[in-house]
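# What the coordinates show
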Amino acid sequence: MGKLDVNLTQVDSENWTYHSSTAALGIATMFVGSDAVTDTAKLQLLDGIIRPTFYERIRKRNDTDKSERVFYHWDKNLAQSEYRDRKLEVNLNELITDKFTLQLLIMANINNIPEKMTLPVISKAKLKDYQIVNLGAVKLKTIYGERDTILIQRIKGDSSYRIWADPALHGLPLQIERIKEGKTEYIIKIEDSSLHKASEKITTQSMNHLQPSYFQPK
């Protein structure tokens, strides 16, 4: 069906790169296209908190360019985004993020996510409300055996993602299900992760510093 590779790399003491690459095969090309889709987020330590400074999705399907970008200017409390011919400029606050960095924030704050909350998310040069729902503890059979996970649902309109995150592995998503209009479109299951190795230290350190109170009620 396809392959998804995700990496969080510490560039230096104050900068990180979060990157994913999706390559679809067969029927999966109906959802993401035949070409690879890449997402890249740049994060920087600012005033003791790791914050996104840039996000870019490169997606080209047939002759259509569906790429998008978000620029975060924390010194001006301003975010700018562009998608095709559309542009967005919005005042920043500590809750605004993009849809890719949101997954990393869910991982880093997996033990702090309330039962339900709404977050403003920049997507395709629009500011949209995403519902984040904590469905509680769920056991899941994985390549690592049966794991205790926290099931999170990320909802936007009639589409959503259900994420089985492992709190013992820094919120690592062990399984992701994409739902559209009440029907499952696809399911992603983890095959391997460096977070499962006790020797992994760089990612562990960065996850421990990534907005630890992000999902605390304000």
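Residues numbered from 1 in each chain as written. Predicted model: local features only at pLDDT ≥ 70, side-chain atom pairs only at ≥ 80, totals over all residues. Heavy atoms only, no water.

### What to know about the overall build of the protein chain
For the protein chain, the count of helices and strands is 3 helices and 16 strands. Surface exposure of the protein chain reaches about 11,700 Å², of which carbon and sulfur atoms provide 47%. (Helix = DSSP H or I, 4+ residues; strand = E, 2+ residues; numbered from the N terminus. Areas by Shrake-Rupley, 256 points an atom, 1.4 Å probe, with all protein chains shown as cover.)

### What to know about the sheet that holds strand 11 (residues 116-123)
One open sheet holds the 7 strands; their spatial order is 10-11-12-13-14-15-16, and the pairing between them is mixed. If you trace the sheet from one side to the other, it starts and ends with strand 10 (97-98) and strand 16 (183-189), each paired once. Across 6 bridges, strand 15 (residues 172-180) lies against strand 16 in antiparallel orientation. Bridged to Lys180 within strand 16 is Lys183. (Pairing = 2+ DSSP bridges.)

### Focus on the packing of aromatic side chains
Here the structure, examined in full by the defined rule, presents 4 aromatic pairs. Look at Tyr18 and Phe100: their rings are 4.4 Å apart centre to centre, the planes differ by 15 degrees, and that puts the pair in the stacked class. Residue Tyr18 is found in strand 2 (residues 15-24), and its partner Phe100 is found in helix 2 (residues 99-108); the two are separated by 82 residues along the sequence. Judged on exposure class, the residue Tyr18 and its partner Phe100 are both buried. Three or more aromatic residues link up through ring pairs in this structure, and these residues are Tyr18, Tyr55 and Phe100. (Phe/Tyr/Trp six-rings, centres within 6.5 Å; stacked < 30°, edge-to-face > 60°. Buried < 20%, exposed > 50% of the residue type's maximum accessible area, 1.4 Å probe, protein only.)

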